[in-house]
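Chain and residue survey
Chain by chain, the residues run as shown.
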Amino acid sequence: VGSHHMPAPLDGASPSSTEKLSDGASVESALAHVGDTYMFMLPTQKRASLAATMSTAVAPAAKWALVVACAEADTTKVRAVTRIAVLEANAALLRTHITSL
């Protein structure tokens, strides 16, 4: 009948308090997710332009910097929440790198 043996709904859906931001893999994964979400919300032409520019960047950090620059210049209310998520993720990344030096 109804099985109530499911894991907590937050599993895998959002970072848990047990995940460490200092773990490079989880940080990169979070950045990729936030960046992809932001790009998905861009108008088709702007998304294509950003994707073309990103394809010339070799390092993941360079690609992320392009997404952040786009988000910083974005003043559209429709993407405000996602834009803020990109900027906050970037701030967390910067804090992680500063504390690991």
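Anyway, here's the lowdown on the structure attached to this text. (Residues numbered from 1 in each chain as written. Predicted model: local features only at pLDDT ≥ 70, side-chain atom pairs only at ≥ 80, totals over all residues. Heavy atoms only, no water.)

**A short note on the overall build of the protein**
In terms of regular secondary structure, the protein is built from four helices and zero strands. Going from the N terminus to the C terminus, the protein shows its helices and strands as α-α-α-α. Burial analysis of the protein (101 residues in total) assigns 26% to the buried set. Put simply, 53% of the contacts in the protein that link residues at least 6 apart link residues at least 24 apart. Entry remark: accessible area of the protein is about 7,400 Å², with carbon and sulfur atoms responsible for 65%. (Helix = DSSP H or I, 4+ residues; strand = E, 2+ residues; numbered from the N terminus. Buried < 20%, exposed > 50% of the residue type's maximum accessible area, 1.4 Å probe, protein only. Contact = heavy atoms within 4.5 Å. Areas by Shrake-Rupley, 256 points an atom, 1.4 Å probe, with all protein chains shown as cover.)

**A few points about the environment of Tyr-38**
Along the chain, Tyr-38 falls in helix α1 (residues 24-41). Along the sequence, Tyr-38 and Arg-83 sit 45 residues apart, while their C-alpha atoms lie 6.7 Å from each other. Setting aside chain neighbours within four positions, we find Tyr-38 in contact with Val-67, Cys-70, Ala-71, Asp-74, Arg-79, Thr-82, Arg-83 and Val-86.

**Comments concerning the nonpolar core**
With 16 residues, the main nonpolar core has Tyr-38, Leu-50, Trp-64, Val-67 and Val-86 as its most contacted residues. Elements with a minimum of two residues in this core: α1, α2 (44-55), α3 (60-73) and α4 (80-99). (Core = buried A, V, L, I, M, F, W, Y, C linked by side-chain atoms within 4.5 Å.)

**Structural notes on the pattern of salt bridges**
Enumeration over the complete set of coordinates arrives at one salt bridge. We note a salt bridge from Arg-79 to Asp-74, for which the minimum N-O separation is 2.7 Å. Both residues of the pair, Arg-79 and Asp-74, belong to the buried class. (Salt bridge = Lys/Arg side-chain N within 4 Å of Asp/Glu carboxyl O.)

**Considering a nonpolar patch on the surface**
Together, Phe-40, Met-41 and Val-78 make up a nonpolar patch on the protein surface, roughly 350 Å² of accessible area in all. Considering the arrangement of structural elements, one finds Met-41 in helix α1. (Patch = residues over 30% accessible without salt bridge, like charges linked within 9 Å, V, L, I, M, F, W, Y side chains within 5 Å.)

**What about α3?**
The terminal C-alpha atoms of α3 lie 20 Å apart, and with 14 residues this matches the ideal 20 Å at 1.5 Å per residue to within 8%. The set of residues buried in α3 consists of Trp-64, Val-67, Val-68, Cys-70 and Ala-71. With its buried residues spanning 160° around the axis, α3 presents them on a single face. Turned more than 90 degrees away from the buried face of α3 sit Glu-72 and Ala-73, all of them exposed. (Expected span 1.5 Å × (residues − 1). Arc of directions from axis to C-beta.)

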